[in-house]
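Spelled out from the first residue to the last, the chains are:
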Amino acid sequence: MESTRRKRKKQRGGEDTKADQEKKREMAQRKINGNKLFMTVLYAVAACGAVPISDLLDRASQRSDTLHSLSTMLTQDLDSHFPPIGRMIMPRPSMCHTSSLQTPNDKEQALQVSESDLMSLARSLLQAWSDPLEVLSTSVKTLPHPAQNSISNKIKELQEHSKSLGDGLNILSGKVRKWVRQAQTISSLPYSGGNDIGQDRISKLTNFHFLLSCFRRDSHKIDSFLKVLRCRAAKLQPEMC
Amino acid sequence: MMKKAVEVILLLFLLVSMPHAKGTRYSPPGKPTLTRCRSPEKETFTCWWEPGSDGGLPTTHALYYRKENSETVYECPDYRTAGENSCFFNKNNTSIWVNYNITVVATNTLGSTFSDPMDIDVVYIVKPNPPERLAVTVKEDKSWPFLRVSWEPPHKADTRSGWITLMYEIRVKLEQENKWEMHLAGQQKMFNIFSLRSGGSYLVQVRCKPDHGFWSEWSSTSYIEVPDYFPREKSVWILITVFSAFIFVILFWLLHMNSHSLKHCILPPVPGPKIKGFDKQLLKNGKSEEIFSALMVPDFPPTTSSNFEDLLVEYLEVYIPEGQELTLQESKDLHDGCLKSEGSTSDSDSGRGSCDSHTLLIDNCGEAKEEERQQDQERMGMEAQRHQKDWEEKVLNYAHEDIVSPDMSSGRVKTWPSVFSPLPQYSSNPPDQQSSLEMAKQHYLSDSLFLPDSSSTYLTQPGHSTRESLEPSYCEFRLSNKQPHQLHPQMQASQQLHMTHSDVNISSIGCKQAPAGLQSPDLRSTQYVEVQKVNKEDMVLLQPVGKGCRHIELCPKMPQGDNYSKVKGVNSDNILLLQRGVMEEDRCPCEDQETNGAREHSHTASTVTTTQKPTACIHTAMPVQDEMVLAVNGYVDTAIMCTLPTY
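Here we summarise the structure given alongside this text. The model shown is predicted, which means the values in this text are computed figures rather than measured ones.

## Some remarks on unusual backbone geometry
Residue and element names in this part refer to chain B. For R133, which is not glycine, the phi dihedral falls at a positive 55 degrees. Its location among the elements puts R133 in strand β9 (residues 132-139). You can call R133 exposed: its relative accessible area is 67%. Despite not being glycine, S195 has its phi angle at roughly 55 degrees, a positive value. Relative to the assigned elements, S195 resides in the loop between β13 (190-193) and β14 (201-210). The class for S195 is exposed, based on a relative accessible area of 74%.

## So, the sheet that holds strand β12 (residues 181-186) of chain B
All names here are of chain B. Overall, antiparallel pairing links the four strands, which are arranged β12-β11-β14-β15 in an open sheet. Here the strands that pair on one side only, and so sit at the sheet edges, are β12 and β15 (222-225). Within this sheet the neighbouring strands show an average axis-to-axis angle of 25 degrees, counted without direction. Sheet topology places β14 next to β15; four bridges connect them, and they run antiparallel. Across the sheet, residue L203 finds its bridge partner in β15, namely Y223.

## Quick look at the interface of chain A and chain B
Every contact between the two is made by 27 residues of chain A and, on the other side, 27 residues of chain B. Of the roughly 2,300 Å² buried between chain A and chain B on both sides combined, carbon and sulfur atoms contribute 48%. Of all residues in chain A, A:K107, A:R217 and A:H220 bury the most surface against chain B, accounting for 26% of the area lost on that side. Our count for the chain A to chain B interface comes out at six salt bridges. Across the contact surface, chain A and chain B share twelve residue pairs in polar contact (both at pLDDT 80 or more). When residues of the side of chain A that touches chain B are traced back to their parent elements, those giving at least two are α2 (53-80), α4 (107-112) and α9 (201-233) of chain A. Each residue belonging to the side of chain A that touches chain B can be placed in one class, and the counts come to nine nonpolar, six polar and twelve charged.

## Structural notes on the packing of helix α7 (residues 148-175) of chain A against α9(A)
Residues and elements named next belong to chain A. Where α7 meets α9, the axes come as close as 13 Å, and the angle between the chain directions of the two elements is 35 degrees. For the crossing formed where α7 meets α9, the hand is left-handed. Taken together, the residues of α9 that come into contact with α7 (itself represented by I151, I155, L158, L165 and L169) are F208, L212, F215, I222 and L226. Its residues assigned to classes, the contact of α7 with α9 comprises ten nonpolar, no polar and no charged.

## Quick word on the nonpolar core
One finds A:F208, B:F45, B:L63, B:I102 and B:I170 to be the most contacted residues of the largest nonpolar core, which totals 91 residues. Per element, the largest residue contribution to this core is twelve residues, and it comes from α9(A). Not counting residues within four places of it along the chain, the set of residues in contact with B:I102 comprises B:L34, B:C37, B:F45, B:C47, B:L63, B:Y64, B:Y65, B:F89, B:D116, B:P117, B:M118 and B:I120.

## Concerning the pattern of salt bridges
Within the structure shown, the criterion is met by 18 salt bridges over all chains. A:R92 is the partner of B:E71 in a salt bridge, and the nearest nitrogen-oxygen pair spans 2.7 Å. One end of the pair, B:E71, is in the loop between β3 (60-67) and β4 (73-75); the other, A:R92, is in the loop between α3 (84-89) and α4, on a second chain. Among the residues examined, A:R92 registers a relative accessible area of 36% and is labelled partly exposed. Put simply, A:D65, A:D223, A:K227 and B:D211 are held in one network by salt bridges that share partners.

## Considerations on the pairing of strand β7 (residues 111-114) of chain B
Residue and element names in this part refer to chain B. Of the pairings in the sheet, the one linking strand β6 (residues 99-108) to β7 comprises four bridges and is antiparallel in character. Among the inter-strand pairings, T107 is bridged to a residue of β7, identified as S112. Between β6 and β7, which follow one another and run antiparallel, lie two residues.

## Some words on the sheet that holds β9(B)
Residues and elements named next belong to chain B. A sheet is described by the order of its strands in space; here three strands give the open sequence β9-β10-β13, paired in antiparallel fashion. The sheet is open, and its two edges are formed by β9 and β13, each paired on a single side. Averaged over all pairs of adjacent strands, the angle between their axes in this sheet comes to 20 degrees, without regard to strand direction. As defined by bridge partners, strand β10 (residues 146-152) adjoins β13 across four bridges and the pair is classed as antiparallel. By the bridge assignment for β13, L147 is matched with I193.

Thresholds, definitions, all that
- Residues numbered from 1 in each chain as written.
- Chains lettered and ligands numbered in written order.
- Predicted model: local features only at pLDDT ≥ 70, side-chain atom pairs only at ≥ 80, totals over all residues.
- Heavy atoms only, no water.
- Helix = DSSP H or I, 4+ residues; strand = E, 2+ residues; numbered from the N terminus.
- Buried < 20%, exposed > 50% of the residue type's maximum accessible area, 1.4 Å probe, protein only.
- Pairing = 2+ DSSP bridges.
- Axes fitted to C-alpha atoms, helices over the stretch in contact; angles between N-to-C directions.
- Contact = heavy atoms within 4.5 Å.
- Buried area = accessible area lost by both parts, 1.4 Å probe.
- Salt bridge = Lys/Arg side-chain N within 4 Å of Asp/Glu carboxyl O.
- Polar contact = N/O pair within 3.5 Å; in protein donor to acceptor, adjacent residues only side chain to side chain.
- Nonpolar A, V, L, I, M, F, W, Y, C, P; charged D, E, K, R; others polar.
- Left-handed = near helix turned anticlockwise from the far one by under 90°.
- Core = buried A, V, L, I, M, F, W, Y, C linked by side-chain atoms within 4.5 Å.

Right, here's the structure in full:
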């Protein structure tokens with residue numbers, strides 16, 4: 001059977017050498033032409049800015065808005081079943097691993113921050129939470145909480161949104177020439193908590209809650225920065241802001 | 001001493017009792033509670049608290065806060081701006097994304113009480129002020145107006161820089177309603193409301209909410225009136241018109257669908273004549289000639305061209321299987337006047353139906369027959385009248401009877417009018433005739449009148465040709481309700497002889513049974529009925545001859561070998577005089593009377609007048625009156641009293 005197939009292939013190869021070669025040439029030419037066309041279109045699009053920055057920022061801000069809403073819901077879920085003693089031993093928010101990042105403290109300060117800095121801040125914060133979110137998603141399975149399933153789902157959603165937002169912001173940064181030139185610096189904010197959030201029930205809940213509260217604040221920061229950026233970029237569309 | 005002691009005691013008592021009298025005790029203040037903290041624009045914020053009991057002493061409250069990174073405790077910078085029991089943090093004192101730990105302390109002379117601390121982050125407690133400058137206008141859109149609502153964000157909220165992102169919500173309601181209509185407007189500052197009620201007045205309000213905060217309060221209400229763009233009266237009339245038109249269409253369609261049944265209901269169909277063999281279309285055509293011609297039995301009624309003589313009944317033959325027989329004799333005298341009505345023995349048309357049944361009384365048969373007779377006569381119309389007149393003149397009618405054989409189980413008795421048939425039929429083969437005859441026919445065997453000339457006897461022998469016998473004159477009891485009066489004199493002239501032979505079975509049908517006679521099939525095969533009288537209504541009352549005085553209906557028995565009416569003669573008035581036969585055994589006294597009066601009584605043959613009362617023998621002295629009382633002399637008694645219906 002196989003021999004016949006091989007024979008047939010050989011025959012086909014032999015038969016098709018001439019015609020097939022011609023066909024191949026045509027195909028190759030078509031491909032080249034197609035590639036050229038594609039590239040030109042892509043360049044044109046990129047050059048012309050087919051999708052305006054404001055729209056991209058709008059989408060990003062919407063994504064960050066969703067992210068923050070999810071985190072708010074998560075913290076409320078955890079608060080409903082939180083032991084009072086946990087509040088006592090809860091570490092302070094200054095203990096968040098992202099607290100080392102200098103962010104504006106009020107409106108004047110925030111409005112004075114440059115756009116690229118705002119963007120880099122947002123991206124840094126987002127970057128800093130990829131690992132801890134992973135830790136959260138793994139440790140939620142052992143979380144002694146009645147709404148464990150919904151919490152687990154929301155954590156997963158958080159991860160997805162966070163990832164997509166990060167990708168979008170990266171693209172966005174690449175689009176803006178200014179930001180490209182300035183080579184935004186993304187601060188590294190490592191998470192030192194490790195994979196373990198605690199052994200006993202109270203510590204687990206407390207650590208979980210603490211992490212989520214830190215994430216909630218950081219997501220709000222990201223959202224605020226992006227919305228400021230959106231309004232700054234939408235000078236052509238005053239109704240937006 | 002005593003006084004001083006008393007005073008001291010009183011003072012002490014007062015001192016002790018004073019506080020009891022007042023009922024209060026001083027205590028440290030109660031625990032205050034921080035109710036809420038709010039920031040209207042994410043730049044400043046305010047905290048309010050609720051003081052506890054003051055403990056009866058003037059208490060002061062103080063708010064202390066501590067930021068998350070430092071341990072420094074600060075006191076509230078501004079207690080007055082925001083009102084009573086509040087603390088206002090201005091821009092300088094407000095930091096965002098920083099946790100504040102706030103505590104309120106209530107202090108009085110006896111002590112101080114701390115409230116529960118509260119941790120807040122300013123960005124999470126944003127509740128803006130309501131939107132400002134709400135403007136509502138009515139915009140026309142091709143006579144369908146709509147509301148355009150526009151507003152401004154609260155002046156403190158900085159939405160231009162994107163610091164705060166606000167979303168708005170509008171609510172609208174009619175002035176007289178209770179329920180608001182909510183519309184989410186997003187981030188835009190303008191909104192259109194459609195589907196307005198013409199002429200209604202609306203209330204509009206708007207509020208806003210930051211992207212992650214609390215809803216503001218509702219703005220001040222804005223009133224707007226929508227002009228009348230849809231005239232109400234017109235709309236109402238249009239609605240009424242459309243609705244009624246719709247109903248009319250439905251009604252019309254329903255009527256149309258049920259028109260057939262409605263026609264039957266409102267205008268019931270007129271029953272048409274139901275005569276077998278009679279074509280209704282002829283009546284509808286309205287041509288009398290055709291009608292009459294259709295009605296006409298082939299040989300009946302005899303037309304002018306007919307030869308009357310042919311119609312003469314030769315003789316009546318009464319079939320008595322073995323015993324008595326009547327010879328129906330032809331009457332020469334009746335030649336002229338008698339018309340023979342040829343009724344087919346098997347007359348499928350007239351008078352058949354009701355008499356077919358065994359169970360019917362012969363009364364009914366007779367009535368039916370009589371009626372049919374009359375109907376037939378009526379139909380004749382003009383031609384018939386002529387014939388009738390002729391008949392009337394002729395007086396004598398021959399009545400044929402079917403010879404009822406004793407074997408006839410069907411008990412057919414034909415009424416004499418319908419029985420017209422040539423005698424040979426009867427005599428020759430009674431059984432055949434019987435077979436030819438319809439079953440269950442009741443016939444009245446009426447003997448013809450015997451002319452006095454003839455010395456014939458009633459009895460004929462079976463099989464005996466009637467022609468052989470004498471020719472009695474027959475008078476037929478003519479049924480004619482049309483001209484009863486006219487007929488009366490003529491009737492008087494005509495003598496009627498009715499001999500109805502009732503069959504054994506006839507009596508069994510319901511007529512009187514002639515037990516004795518019936519039992520002897522031979523002798524009693526035929527029964528004789530005597531016409532008692534003709535009542536006022538042209539009813540012939542027949543009475544079985546024999547026990548004559550009895551009511552005919554009550555005469556169960558047939559006289560035995562009795563009561564043959566014998567034609568005595570025809571008087572000048574064309575009245576057939578009958579006399580009783582010789583063979584009578586039992587004579588009813590009435591019969592005697594009859595015989596006595598036989599001569600004198602005349603029967604009106606033509607008119608069928610029967611007395612309604614089949615009383616006892618009326619023969620006696622029954623002068624012929626207008627009512628045509630029939631006095632029968634020596635009549636053949638009939639088992640059945642036949643009362644002919646009046647017309």
